[in-house]
Amino acid sequence: QAQVVESGGGLVQPGGSLTLSCTGPESLFRLYDLAWYRQGPGNQRDLVAHIGLYGVTQYEDSVKGRFTISRDNAKNTMNLQMTSLKPEDTGVYYCNTSPGAAVPWGQGTQVTVSS
């Protein structure tokens, strides 16, 4: 069954940077818009960045100007470059299709922003 794998999370101080990566089956990158989602402690999973099949991007207001989403359809990868990180960015980050989730959720990658 199609599966996505997220990586790149970690512990970072406020103001720091991280780059998350997502890999998955070729069909995902050939056919779907994709997104990064974040689930904070005790919260629901919310979309933070969306990228269309041909690269058009959209961002949740709180991350605009700080996060950059990108995809390489030839390599079946998607990245989320995060800068100027804030404690409220803490959470588990997941990748999947958008809108909705066309494949099972992966394990996610934990991002913790703390001094």
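Residues numbered from 1 in each chain as written. Predicted model: local features only at pLDDT ≥ 70, side-chain atom pairs only at ≥ 80, totals over all residues. Heavy atoms only, no water.

Chemist: Would you mind going over the state of the cysteines with me for this structure?
Modeler: Structurally, a disulfide amounts to a covalent bond that connects the sulfur atoms of two cysteines. One pass over the full model with this rule turns up 1 disulfide. Paired through a disulfide, Cys 22 and Cys 95 show a sulfur-sulfur distance of 2.0 Å. Given an S-S torsion of about 75 degrees, the disulfide between Cys 22 and Cys 95 has right-handed geometry. Within this pair, whereas Cys 22 is found in strand E3 (residues 18-23), its partner Cys 95 is found in strand E9 (residues 91-97), the two being separated by 73 residues in sequence. On the accessibility criterion, Cys 95 (0% relative accessible area) is buried. (Disulfide = S-S within 2.5 Å. Helix = DSSP H or I, 4+ residues; strand = E, 2+ residues; numbered from the N terminus. Buried < 20%, exposed > 50% of the residue type's maximum accessible area, 1.4 Å probe, protein only.)

Chemist: Explain the packing of aromatic side chains here, please?
Modeler: The geometry of an aromatic ring pair comes down to the distance between the two centres and the angle between the two planes. For the coordinates displayed, the defined rule picks out 2 aromatic pairs. Ring plane angle 85 degrees and centroid distance 5.1 Å describe the contact between Tyr 37 and Trp 105, whose orientation is recorded as edge-to-face. Of this pair, Tyr 37 sits in strand E4 (residues 34-39) while Trp 105 sits in the loop between E9 and strand E10 (109-113), and the two are 68 residues apart along the sequence. The class for Tyr 37 is buried, based on a relative accessible area of 8%. Between Tyr 94 and Trp 105, the aromatic rings sit 5.8 Å apart at their centres with planes inclined by 80 degrees, giving edge-to-face as the arrangement. With Tyr 94 in strand E9 and Trp 105 in the loop between E9 and E10, the pair connects residues that are 11 residues apart, well separated along the chain. These aromatic residues form a ring-pair network of at least three members: Tyr 37, Tyr 94 and Trp 105. The ring of Trp 105 carries the charged tip of Arg 45 above its face, separated from the ring centre by 4.0 Å. (Phe/Tyr/Trp six-rings, centres within 6.5 Å; stacked < 30°, edge-to-face > 60°. Lys NZ or Arg CZ within 6 Å of the ring centre and 35° of its normal.)

Chemist: I keep staring at the environment of Gln 58 and nothing clicks. Help me out?
Modeler: Turning to its location among the elements, Gln 58 is positioned in strand E6 (residues 57-59). C-alpha of Gln 58 to C-alpha of Lys 86: the two residues are 28 residues apart in sequence and 20 Å apart in space. If we skip the residues at most four places from it in the chain, Gln 58 touches Val 48, Ala 49 and His 50. (Contact = heavy atoms within 4.5 Å.)

Chemist: Is there a simple way to explain the sheet that holds E4 in this structure?
Modeler: The strands making up a sheet are joined through hydrogen bonds of the backbone, oriented either antiparallel or parallel. The mixed open sheet is built from 6 strands, whose spatial order is E2-E10-E9-E4-E5-E6. Unpaired on one side and paired on the other, strand E2 (10-12) and E6 mark the two borders of the sheet. Strand-to-strand twist in this sheet, taken as the mean axis angle between neighbours without regard to direction, amounts to 30 degrees. Where E4 and E9 come together, 6 bridges link them in antiparallel fashion. Along E9, the bridge assignment pairs Tyr 37 with Tyr 94. (Pairing = 2+ DSSP bridges. Axes fitted to C-alpha atoms, helices over the stretch in contact; angles between N-to-C directions.)

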